[in-house]
Amino acid sequence: MHGTTLQERAAERAQELPGAELTHPFGEDWDVYKVRGKVFMLATAVTQEPIVVLKAAPADARSLREAHEDVSPGYHMNKKHWITLHPGGDLDEELVDDLVTESYLLVVEGLPRRLRPVDPTTFGSGS
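What you see is a predicted model; the values in this text were computed from it and never measured.

Points about the sheet that holds strand β5 (residues 71-73)
Spatially, β1-β2-β3-β4-β6-β5 is the arrangement adopted by the six strands of the open sheet, whose pairing is antiparallel. Looking at the sheet topology across the chains shown, the edges are occupied by β1 (20-23) and β5. The average angle at which neighbouring strand axes cross in this sheet is 25°, direction not considered. Sheet analysis places β1 next to strand β2 (residues 30-35), joined by four bridges and oriented antiparallel. Bridge pairing links Glu21 to Lys34 in β2. Sheet contacts for helix α1 (residues 5-16): β1, β2, β3 (38-44), β4 (51-55) and β6 (82-85); angle to β3, the most-contacted strand, approximately 155°.

See below:
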């Protein structure tokens, strides 16, 4: 994906997720998507390119960085648990959707059960 298409696709997917909200706690230059007050996605162009920052399981983050040159450690986040997606590489819409959804589910999984907008173990399985 090129230019802002990456951010647009990620934002579209984030907005489809139950309980997701767009906030701007760091100013208008940062789109911060949260579920129940917890961050699962950030988007900005303060790095001079439009990037998306997502939560990822450590093993998945490592594999993604090795498999895609447009995936790097999380910009201004814990490098073990967050990844940054850059435009211009081989990331496609389906992978971006999957990565946004996985980030969301990782955050939901960490919420108390009573606050979860979905069951992370069955979300998306058609159940």
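Structure's up, so let's keep going.
A few points about the environment of Tyr75
Among the structural elements, Tyr75 can be located in the loop between β5 and β6. Look at Tyr75 and you get partly exposed, because its relative accessible area is 28%. It is 10 Å that separates the C-alpha atoms of Tyr75 and Ala43, two residues lying 32 residues apart in sequence. If we skip the residues at most four places from it in the chain, Tyr75 touches Trp30, Val46, Thr47, Ile51, Val53 and Thr84.

A closer look at the environment of Leu115
With respect to the helices and strands, Leu115 occurs in the segment after α3 (93-109). Under the relative-accessibility criterion, Leu115 is labelled partly exposed at 31%. With 75 residues separating them along the chain, Leu115 and Phe40 place their C-alpha atoms 15 Å apart.

Brief notes about unusual backbone geometry
The phi dihedral of Gln48 falls on the positive side, at around 75°, and the residue is not glycine. For Gln48, the location among the structural elements is in the loop between β3 and β4. You will see that His76, though not glycine, has its phi angle at about 60°, which is positive. Tracing the sequence through the fold places His76 in the loop between β5 and β6. Given the relative accessible area of 63%, His76 is considered exposed.

Focus: the nonpolar core
Formed by 28 residues in total, the largest nonpolar core has its most connected members in Phe40, Met41, Leu54, Ile83, Leu85, Val100 and Tyr104. Residue assignment for this core shows that the elements contributing at least two residues are α1, β2, β3, β4, α2 (58-67), β6 and α3. At seven residues, α3 tops the list of elements feeding residues into this core. Every residue in contact with Val100, bar those within four places of it in the chain, is listed here: Ala10, Arg13, Ala14, Leu17, Phe40, Met41 and Leu54. Within the second largest apolar cluster, six residues are counted, among which are Val32, Leu42, Ile51 and Trp82.

Parameters at a glance
Residues numbered from 1 in each chain as written. Predicted model: local features only at pLDDT ≥ 70, side-chain atom pairs only at ≥ 80, totals over all residues. Heavy atoms only, no water. Pairing = 2+ DSSP bridges. Helix = DSSP H or I, 4+ residues; strand = E, 2+ residues; numbered from the N terminus. Axes fitted to C-alpha atoms, helices over the stretch in contact; angles between N-to-C directions. Contact = heavy atoms within 4.5 Å. Buried < 20%, exposed > 50% of the residue type's maximum accessible area, 1.4 Å probe, protein only. Core = buried A, V, L, I, M, F, W, Y, C linked by side-chain atoms within 4.5 Å.

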